[in-house]
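# A closer look at the structure
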Amino acid sequence: IEMTQSPSSLSASVGDRVTFTCRANQGIRDYLAWYQQKPGKVPKLLISGASTLQAGVPSRFSGRRSGTDFTLTISSLQPEDVGTYYCQRYDNAPFTFGPGTKVHI
Amino acid sequence: QLHLQESGPGLVKPSETLSLTCTVTDDSILSRDYFWGWIRQPPGKGLEWIGTISSSGTTYYNPSLDGRVTMAVDTSQNQFSLHLKSVTATDTSFYYCARHGRSLGVIAPLDSWGQGILVNVSS
């Protein structure tokens, strides 16, 4: 199973609503996670089960699934949201990551 | 609070074996509910899942690594390890160890990560 992400990068303003997409080329049900990696930092799990926010993750983040397409939305982009966002399938090994979407302000 | 720490050489020669250890600070490594993973990231590039191991030693490896990967777990030392043989310059990466979350049915995503260790493959 391959994971693709689009766009590869995006630039937006503080307060903007931003959405980016992850697509699996086969069905993975809801077994999709999103990670945030800020510059120079370790990846952090944001969302599991396609839409379940991890404890402590701001409510401006949300995830959604439509078939094999998954979206991560930041409802009001903040300066601290700069970084790269990766999706990962975990229905079965190999637990493939997508190539990432880099978010700039 | 769980803490994971990678250790090992920062420089490995081509064709040799890269060996890293991850030390886990709590006893979750003893639980069958948790799995343990290695992930790598070439500088400036994306994440690549390398493999995952259970506390009982069941392993799952990335087939793209062509059988070069071996993982082991030592619950008595609260450690698990990665061995990647026949390395080349393309194996130069940050290597992270991580814990998969409490896994009921499927192996959960990676909810706790080490700080990572940079391993250069060079003669």
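Here we summarise the structure given alongside this text. From a predicted model like this one, the values you see are computed outputs, not experimental measurements.

### A closer look at the sheet that holds strand 8 (residues 69-74) of chain A
Within a beta sheet, neighbouring strands are joined by backbone hydrogen bonds and run either parallel or antiparallel to one another. Residues and elements named next belong to chain A. Spatially, four strands are ordered 1-3-8-7 in an open sheet, and the strand pairing comes out antiparallel. Every other strand in the sheet has two partners, leaving strand 1 (3-6) and strand 7 (61-66) as the edge strands with one partner each. Direction aside, the axes of adjacent strands within the sheet are offset by 20° on average. Summarising the sheet, strand 3 (residues 18-24) and strand 8 pair through six bridges and their orientation is antiparallel. Bridging across to strand 8, Arg 23 finds its partner in Asp 69.

### Some remarks on the nonpolar core
Within the largest apolar cluster, 25 residues are counted, with the highest numbers of intra-cluster contacts made by Leu 18, Trp 38, Phe 80, Leu 82 and Tyr 95 of chain B. Looking at this core, the elements with two or more residues in it are strand 3 (18-24), strand 4 (35-41), strand 5 (48-54), strand 7 (69-74), strand 8 (79-84), strand 9 (93-100) and strand 11 (117-121) of chain B. Among the elements that line this core, the one with the most residues is strand 3 of chain B, at four residues. Among residues more than four places away in sequence, those in contact with Leu 18 of chain B are Val 12, Leu 82, His 83, Leu 84, Val 87, Tyr 95 and Val 119 of chain B. Grouped together as the second largest cluster of nonpolar side chains are 22 residues, Met 3, Ile 47, Phe 61 and Val 103 of chain A included.

### Description of the pattern of salt bridges
Scanning all chains against the criterion turns up ten salt bridges over all chains. The salt bridge partner of Asp 81 of chain A is Arg 60 of chain A, with a shortest N-O separation of 2.7 Å. Here Asp 81 of chain A, found in the loop between strand 8 and strand 9 (83-89), pairs with Arg 60 of chain A, found in the loop between strand 6 (52-53) and strand 7; they are 21 residues apart in sequence, far enough to count as distant. Arg 60 of chain A carries the same exposure label as Asp 81 of chain A, and that label is buried. The salt bridge involving Glu 48 of chain B is made with Arg 40 of chain B; its shortest N-O contact spans 2.7 Å. Among the residues examined, Arg 40 of chain B registers a relative accessible area of 6% and is labelled buried. Members of the salt-bridge network, linked through shared partners, are Arg 40, Glu 48, Arg 68 and Asp 91 of chain B.

### Observations regarding the pairing of strand 5 (residues 44-48) of chain A
All names here are of chain A. Counting buried positions over the five residues of strand 5 gives four, a clear majority of the element. Sheet topology places strand 4 (residues 32-37) next to strand 5; three bridges connect them, and they run antiparallel. Bridge pairing in strand 5 places Tyr 35 opposite Leu 45. Strand direction decides the pairing type here: strand 5 and strand 6, joined by two bridges, are antiparallel. Note that in strand 6 the partner of Ile 47 across the bridge is Leu 53.

Rules used throughout
Residues numbered from 1 in each chain as written. Chains lettered and ligands numbered in written order. Predicted model: local features only at pLDDT ≥ 70, side-chain atom pairs only at ≥ 80, totals over all residues. Heavy atoms only, no water. Pairing = 2+ DSSP bridges. Helix = DSSP H or I, 4+ residues; strand = E, 2+ residues; numbered from the N terminus. Axes fitted to C-alpha atoms, helices over the stretch in contact; angles between N-to-C directions. Core = buried A, V, L, I, M, F, W, Y, C linked by side-chain atoms within 4.5 Å. Buried < 20%, exposed > 50% of the residue type's maximum accessible area, 1.4 Å probe, protein only. Contact = heavy atoms within 4.5 Å. Salt bridge = Lys/Arg side-chain N within 4 Å of Asp/Glu carboxyl O.

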